[in-house]
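Below, each chain spelled out in residue letters.
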Amino acid sequence: MWRGHELFITSFPSLAEFIPVTIFYLIVPTIISWIIGTLICIVRTGKKNILYYAVSLFVSFFRGTPGLVQLYIVFFGLPELFAIFGVNINAWDAGFFYVVATTANFSSFVSEVLRGAYQAIDKDQIDAGYSIGYSRFECFFKVTVPLTVKIALPNLKNLEIDLLKGSAVAYVIGLVDIMGRASKIISVHRGYGQIWVLLAAAVIYFLLTTLIEYIFNRATRHFSKYEVAVK
């Protein structure tokens with residue numbers, strides 16, 4: 001009979017092997033969501049036209065419904081939608097459906113964080129940029145964008161941590177990452193010592209979260225210099 005701490009020690013390396021998979025499904029939705037979120041932010045800070053109301057509805061839906069429900073809707077609904085056009089995607093990797101669902105959800109939150117950060121910019125900073133000879137193009141990329149990012153970074157960091165933790169539910173559609181591997185180990189041992197396996201997974205997630213915090217804190221210090229530069 002295995003003792004609990006022995007299962008923790010033996011399962012930890014097995015779970016650690018799937019860190020690259022978890023990081024992949026963290027980075028890919030992040031990159032796509034930041035691009036889409038930026039475009040949505042631009043639309044929602046502009047004129048109120050049809051596109052404005054369309055993206056507003058998109059943001060409201062994905063911010064107002066549970067991420068797990070969205071994951072199931074994409075996983076079961078997207079194949080039905082493709083089937084209308086005679087395309088069978090049922091055999092596609094579960095990771096594809098996770099990325100689609102997560103990107104839709106995450107980009108809606110990113111857009112709101114960026115929109116709030118843009119509206120919170122001290123307009124005197126922009127005027128200071130013009131006063132030292134920046135053109136509109138230079139002022140946008142050297143003042144507006146860096147200040148927007150600086151203000152948004154703390155909230156983006158929180159969203160990124162939530163995205164990492166939220167990836168733990170991806171195993172429900174068959175994606176094998178850290179949590180997916182933990183579920184398989186628990187199944188093999190028929191539930192024995194599952195708390196130790198879950199504890200090993202929790203430690204890994206905690207270490208990854210700490211890494212995210214470190215990266216974003218460094219980025220915050222980097223972008224802080226832009227505010228000082230135009231005073």
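Residues numbered from 1 in each chain as written. Predicted model: local features only at pLDDT ≥ 70, side-chain atom pairs only at ≥ 80, totals over all residues. Heavy atoms only, no water.

### A word on the overall build of the chain
Then step 1. Check the secondary structure of the chain and you find nine helices and zero strands.
Then step 2. Tracing the chain from N to C terminus, the helices and strands come up as α-α-α-α-α-α-α-α-α.
Then step 3. When the backbone C-alpha atoms are referred to their principal axes, the chain occupies close to 75 × 45 × 25 Å.
Then step 4. Within the chain, the proportion of its 231 residues that are buried is 39%.
Then step 5. Excluding contacts between residues fewer than 6 apart, the proportion of contacts in the chain whose partners are at least 24 apart in sequence is 79%.
Then step 6. Looking at the chain as shown, the accessible area adds up to about 13200 Å², and 67% of this sits on carbon and sulfur atoms.
Then step 7. Positive and negative charge centroids in the chain, built from 19 and 14 side chains respectively, lie 3 Å apart. (Helix = DSSP H or I, 4+ residues; strand = E, 2+ residues; numbered from the N terminus. Buried < 20%, exposed > 50% of the residue type's maximum accessible area, 1.4 Å probe, protein only. Contact = heavy atoms within 4.5 Å. Areas by Shrake-Rupley, 256 points an atom, 1.4 Å probe, with all protein chains shown as cover. Lys, Arg positive; Asp, Glu negative; His and termini not counted. Charge placed at Lys NZ, Arg CZ, Asp CG, Glu CD.)

### Thoughts on the confidence of the model for the chain
Then step 1. Confidence in the prediction of the chain, expressed as mean pLDDT, is 88, and 95% of residues score 70 or more.
Then step 2. The secondary-structure element of the chain with the lowest mean pLDDT is helix α6 (residues 123-131), recorded at 76, while helix α2 (residues 19-44) shows the highest, at 95. (pLDDT = per-residue confidence, 0-100.)

### Observations concerning a nonpolar patch on the surface
Then step 1. On the surface, a cluster of nonpolar side chains totalling about 670 Å² of accessible area is made up of Ile 23, Ile 27, Ile 31, Ile 32, Ile 35, Ile 36, Leu 39 and Ile 42.
Then step 2. Topologically, Ile 32 is positioned in helix α2.
Then step 3. Looking at Ile 32, the relative accessible area reads 33%, which means it is partly exposed. (Patch = residues over 30% accessible without salt bridge, like charges linked within 9 Å, V, L, I, M, F, W, Y side chains within 5 Å. Salt bridge = Lys/Arg side-chain N within 4 Å of Asp/Glu carboxyl O.)

### Looking at the layout of surface pockets
Then step 1. Empty space within the largest pocket amounts to approximately 420 Å³.
Then step 2. If you trace the largest pocket, you find 15 residues lining it, with Thr 38, Cys 41, Ile 42, Phe 140 and Thr 148 closest to the centre.
Then step 3. Counting residues per element, the ones that place at least two in the lining of the largest pocket are α2, α5 (94-119) and α7 (136-166).
Then step 4. With seven residues, α7 is the single largest residue contributor to the lining of the largest pocket.
Then step 5. Partitioned by chemical class, the residues of the lining of the largest pocket number ten nonpolar, five polar and no charged. (1 Å grid on protein atoms, 1.4 Å probe; cavity = no way out; pocket = protein on both sides within 12 Å on 5 of 7 lines; lining within 4 Å. Points joined across faces, edges and corners; volume = space filled by probe spheres on them. Nonpolar A, V, L, I, M, F, W, Y, C, P; charged D, E, K, R; others polar.)

### Things to note about the nonpolar core
Then step 1. Ranked by size, the top nonpolar core spans 44 residues in total, and within it Leu 15, Tyr 98, Leu 156, Ile 178 and Tyr 205 carry the most contacts.
Then step 2. Counting only elements with at least two residues in this core, the list comes to α1 (4-16), α2, α4 (67-84), α5, α7, α8 (178-188) and α9 (194-229).
Then step 3. Leave out the neighbours within four places in its chain, and Leu 15 touches Ile 178, Arg 181, Ala 182, Ile 185, Val 197, Ala 200, Ala 201 and Ile 204.
Then step 4. Counting residues in hydrophobic clusters, the runner-up holds five residues, among them Ile 121, Ile 126, Cys 139 and Leu 147. (Core = buried A, V, L, I, M, F, W, Y, C linked by side-chain atoms within 4.5 Å.)

### As for the packing of aromatic side chains
Then step 1. Counting across every chain of the model gives 13 aromatic pairs.
Then step 2. Judged by centre distance (6.0 Å) and plane angle (45°), the rings of Phe 8 and Phe 12 are tilted. With Phe 8 and Phe 12 both in helix α1 and four residues apart, this pair spans about one turn of that helix.
Then step 3. A residue is classified by how much of its surface remains accessible, and Phe 8, at 21% relative accessible area, is partly exposed.
Then step 4. Taking relative accessible area as the criterion, Phe 12 reaches 26% and is therefore assigned partly exposed.
Then step 5. Relative to Phe 97, the ring of Phe 96 lies with its centre 5.3 Å away and its plane at 80°, an arrangement referred to as edge-to-face. (Phe/Tyr/Trp six-rings, centres within 6.5 Å; stacked < 30°, edge-to-face > 60°.)

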